[in-house]
Amino acid sequence: MKKLIHNAKHFADRTAILSNEQAYTYQDLLEDSASIASSLLDKHDDLSEDRIAFMVDPSYEYVICQWGIWRAGGIAVPLCTLHPLTSISYVLEDSQVSTLLVSEVYRDFLSPLADKLNIKLVLIQDQIATEAKSLPDIDSSRRAMILYTSGTTNLPKGVVTTHHNIAFQIETLVKAWQWSKEDHILNTLPLHHVHGIINVMSCALWSGAICEFFPAFDAAAVWQKFESGKLSLYMAVPTIYYKLIKYWKEQTEEKKKQLSAACTSFRLMVSGSAALPIPVLEEWKAITGIKLLERYGMTEIGMALSNPYDAERRPGHVGHPLPGVQIRLQKENGQLAIDNESGEIQIKGPNVFLEYWKKPEATKESFTTDGWFKSGDVAVLNKGYYQILGRNSVDIIKSGGYKISALEIESKLLDHPQIEQCGIVGIPDLEWGEIVSAAIVRNDPSLNDKEITAWLTTKLPSYKMPRKFIFIEDLPKNTLGKVTKNKLKEYF
Ligand code: MCA
Ligand code: AMP
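Every value quoted in this text rests on a predicted model; they were computed, and no experiment measured them.

Caption draft 1: Representation of the overall build of the chain in the model. Within the chain, the secondary structure is distributed over 16 helices and 25 strands. Taken over C-alpha atoms, the radius of gyration comes to 23 Å for the chain, in line with the 23 Å a tight globule of 492 residues would show. Judged by the C-alpha coordinates and their principal axes, the chain covers about 70 × 55 × 55 Å. Split into buried and exposed, the 492 residues of the chain put 58% on the buried side. Taking all contacts inside the chain whose residues are at least 6 apart in sequence as the whole, residues at least 24 apart take part in 67%. Surface summary for the chain: the accessible area is close to 20500 Å², and the carbon and sulfur share equals 50%. Averaging the coordinates of the 53 positive side-chain charges in the chain and doing the same for the 59 negative ones gives two points 3 Å apart.

This is the structure:
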């Protein structure tokens, strides 16, 4: 936080953010985040790691909330704007939030929940004029942020990172990808995950660059922005590149040429959060002339592996450890893998998170006895470049770049009175990475996919929703539990 503020003071007059058709300088950011911090502090000197949640679309307001919480000594808990109330309620309760900052559009949606949970609801707009008071000095070892991520347990866990973790995660990327104040990036990612928060927004603001926000991804709008010729950087999940390619292919020959020509303004485009299919990488290169840089990361560790900025970017590989990050591959027998042997990716370094919020057991289990974080991803070191081979749990699905727990969806489905058994698996797909798919044993043959989808709508966000269904009639009803998930995939 200190370095971010220090840098912002240095870049005070420069444009920091473009959002909702307006430009904001680093000075605006400093002043408005100080107002938010002062309002949150009220009569206190320091929030002392109180959890402050906020729900606001990717925008200038998002940044002043995040900085305001940090400057007041709080822990920032960004909420997913797409989540239904049950998921939001879980996050607010689990992280024991005291105050919820909202933009006007989310006030009515969240106000009854805040009342019910006895959480103070604060409208961001009302706080901006608060007179700034003196702000506490925040030691970098203090907790800064909680992001919720799915794992091999039913409900998501809160990943706690300190200010030091965050500063390191930013700095290693700034170095590796040669960020500078001349950069201009477009953010089209949600801001409750590391990809958007750290790699895009925070790296830009650390560097004195411009971060431009779209409230959500829209292929036509993104291409239009590319055409402005102002952007130097773009970062996204593979599904987004797939959608941009699809849009490009739908244009006239003349328009295609125009769009492709506009991409000369970019110095770098990055893909991550899920495996980048080689056909997507190749088509993107053919359309834009840009070879995507693929990297590997995780909520618990920020980024760990990256293809080089100025040397060979190897398709299907995620490159080398970032500066200051240690990586090893551990085989199932506990020994370390050597060249061409596969093993679980384990990570050590200042990038690695502090703990799962209020879950000491889960935290302990996620580290080896000698302090390496166990990612659950399996990789091989192939001629000097790491290659991700998959995950060691079939219950983790990646769809559209989102990490999804099969067990969470199964437990929701089992609450349905007509569902006796179910199994959720991820079916490979070029656009989405994997598609969430449900095998159902029902006790009423008239129950169909539409009814189940409608019933799940209030319980799961859209990206966790099963898109493919099979109803297993021809198996004895108690068989599903005995069919392995890998076998189950063959039914789709
Ligand atoms: C939506 N649809 C889907 C899915 N999601 N179909 C299959 N699978 C899905 N997962 C369908 C909808 O039902 C709808 O269908 C249509 O697609 C459009 O839906 P919409 O919600 O508008 O989708 P979108 O806006 O096009 O969203 C796609 C997206 C989004 C932009 C790729 O999923 C996204 O923002 N993903 C990024 C997530 C992210 O930031 N992950 C980083 C976490 P119909 O039209 O029929 O109704 S990972 C991380 O942070 C680590 C550290 C890392 O390594 O980066
Ligand atoms: P999350 O917990 O949402 O941060 O997702 C982290 C997970 O995304 C990792 O554990 C990997 O399984 C996956 N991931 C991230 N980047 C890549 C990549 N380049 N290739 C394959 N998987 C990736």
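Caption draft 2: Layout of the site of ligand 2. Lining the immediate environment of ligand 2, one finds 14 residues, of which Glu 294, Arg 295, Thr 299, Asp 377 and Lys 398 sit closest. Between Ser 273 and ligand 2, the recorded distance is 3.3 Å, taken from a backbone N or O atom to a nitrogen atom. Within the contact set of ligand 2, a nitrogen atom lies 3.4 Å away from a backbone nitrogen or oxygen of Ala 275. Among the elements that take part in the shell around ligand 2, strand β13 (residues 293-298) stands out by supplying five residues, more than any other. Here the shell around ligand 2 is composed, by residue class, of five nonpolar, four polar and five charged.

Caption draft 3: Region of the structure containing the site of ligand 1. In the neighbourhood of ligand 1, 24 residues make up the surrounding shell, with Ser 273, Arg 295, Ser 399, Gly 400 and Arg 467 lying closest. Between Arg 467 and ligand 1, the recorded distance is 2.5 Å, taken from a side-chain N or O atom to an oxygen atom. Elements represented by at least two residues in the shell around ligand 1 include exactly α8 (194-207), α10 (238-249), β13 and β21 (396-399). Considering only residue class, the shell around ligand 1 consists of 11 nonpolar, nine polar and four charged.

Caption draft 4: A look at helix α9 (residues 219-227). Among all positions in α9, only Ala 219, Val 222, Trp 223 and Phe 226 are buried. Viewed end-on, α9 has its buried residues packed into an arc of 95 degrees, placing them on one side of the element.

Caption draft 5: Representation of the side chain of Thr 368. Structurally, the position occupied by Thr 368 is in the loop between α13 (360-365) and β19 (373-382). Residue class for Thr 368 comes out buried when judged on its relative accessible area of 13%. Discounting residues that sit within four places of it in the chain, Thr 368 has contacts with Arg 328, Gln 330, Gln 346 and Lys 374.

Caption draft 6: The packing of aromatic side chains, seen in detail. Applying the stated rule across the entire model yields 16 aromatic pairs. Pairing Phe 226 with Tyr 234 gives two aromatic rings, centres 5.2 Å apart and planes at 80 degrees, and the pair type is edge-to-face. Tyr 234 shares its class with Phe 226; the two are buried. Measuring from ring centre to ring centre gives 5.3 Å for Phe 353 and Phe 373, while their planes differ by 80 degrees; the resulting arrangement is edge-to-face. In this pair, Phe 353 is assigned in the loop between β17 (342-348) and β18 (355-356) and Phe 373 in strand β19, connecting sequence segments 20 residues apart. Among the aromatic side chains, those forming a connected cluster through ring pairs are Trp 223, Phe 226, Tyr 234, Tyr 241, Phe 266 and Trp 284. In this arrangement the basic side chain of Lys 157 is found over the ring face of Tyr 356, its NZ or CZ atom lying 4.9 Å from the centre. In this structure, Lys 459 is placed above the aromatic ring of Trp 455, and the distance from its NZ or CZ to the ring centre is 4.2 Å.

Caption draft 7: View of the sheet that holds strand β16 (residues 326-330). If you walk across this open sheet you meet the four strands as β16-β17-β19-β20, and the pairing is antiparallel. Lying at the two open borders of the sheet, with one neighbouring strand each, are β16 and β20 (385-391). Looking at each pair of strands side by side, their axes are set apart by 45 degrees on average, direction ignored. The pairing of β19 with β20 spans six bridges and is antiparallel. Bridge pairing in β20 links Asn 382 to Tyr 385.

Caption draft 8: Representation of the packing of α10 against helix α12 (residues 278-288) in the model. The N-to-C vectors of α10 and α12 enclose an angle of 45 degrees; their axes lie 10 Å apart at closest approach. When the axis of α10 is compared with that of α12, the two are oblique. For α10 against α12, the interelement crossing comes out left-handed. Side by side, α10 and α12 meet where Pro 238, Tyr 241, Tyr 242, Leu 244, Ile 245, Trp 248 and Lys 249 of the first sit next to Val 280, Glu 283, Trp 284 and Ile 287 of the second.

Caption draft 9: Structural view of the nonpolar core. Counting 112 residues, the largest nonpolar core has Leu 29, Trp 67, Leu 101, Trp 179, Phe 226, Tyr 234 and Trp 284 as its most contacted members. Counting residues in each nonpolar core, the second largest holds 21 residues, with Leu 110, Ile 119, Leu 123 and Trp 357 among its members.

Caption draft 10: Layout of the sheet that holds strand β10 (residues 210-213). Ordered in space as β2-β1-β10-β9-β11-β12-β13-β14-β15, the nine strands form an open sheet in which the pairing is mixed. With one partner strand each, in any of the chains shown, β2 (22-25) and β15 (320-321) form the two edges of the open sheet. The sheet contact formed by strand β1 (residues 15-19) and β10 spans two bridges and is parallel. Looking at β10, one finds that Leu 18 is bridged to Glu 212. Against the sheet, helix α3 (residues 60-71) contacts β1, β2 and β10, and its axis sits at roughly 130 degrees relative to β1. Running over the sheet, α10 touches β11 (233-236) and β12 (268-271) and is turned about 115 degrees from β11.

Caption draft 11: Region of interest: the environment of Lys 359. With respect to the helices and strands, Lys 359 occurs in the loop between β18 and α13. Of the residues examined, Lys 359 reaches a relative accessible area of 24% and is grouped as partly exposed. Note: C-alpha distance between Lys 359 and Val 159 (200 residues apart in sequence) is 9.9 Å. Those residues in contact with Lys 359 that lie beyond four places of it in its chain are Tyr 90, Asp 94 and Lys 157.

Thresholds, definitions, all that
- Residues numbered from 1 in each chain as written.
- Chains lettered and ligands numbered in written order.
- Predicted model: local features only at pLDDT ≥ 70, side-chain atom pairs only at ≥ 80, totals over all residues.
- Heavy atoms only, no water.
- Helix = DSSP H or I, 4+ residues; strand = E, 2+ residues; numbered from the N terminus.
- Rg over C-alpha atoms; globule rule 2.2 N^0.38 Å.
- Buried < 20%, exposed > 50% of the residue type's maximum accessible area, 1.4 Å probe, protein only.
- Contact = heavy atoms within 4.5 Å.
- Areas by Shrake-Rupley, 256 points an atom, 1.4 Å probe, with all protein chains shown as cover.
- Lys, Arg positive; Asp, Glu negative; His and termini not counted.
- Charge placed at Lys NZ, Arg CZ, Asp CG, Glu CD.
- Near = heavy atom within 4 Å.
- Polar contact = N/O pair within 3.5 Å; in protein donor to acceptor, adjacent residues only side chain to side chain.
- Nonpolar A, V, L, I, M, F, W, Y, C, P; charged D, E, K, R; others polar.
- Arc of directions from axis to C-beta.
- Phe/Tyr/Trp six-rings, centres within 6.5 Å; stacked < 30°, edge-to-face > 60°.
- Lys NZ or Arg CZ within 6 Å of the ring centre and 35° of its normal.
- Pairing = 2+ DSSP bridges.
- Axes fitted to C-alpha atoms, helices over the stretch in contact; angles between N-to-C directions.
- Parallel < 35°, antiparallel > 145°, perpendicular 65-115°, else oblique.
- Left-handed = near helix turned anticlockwise from the far one by under 90°.
- Core = buried A, V, L, I, M, F, W, Y, C linked by side-chain atoms within 4.5 Å.

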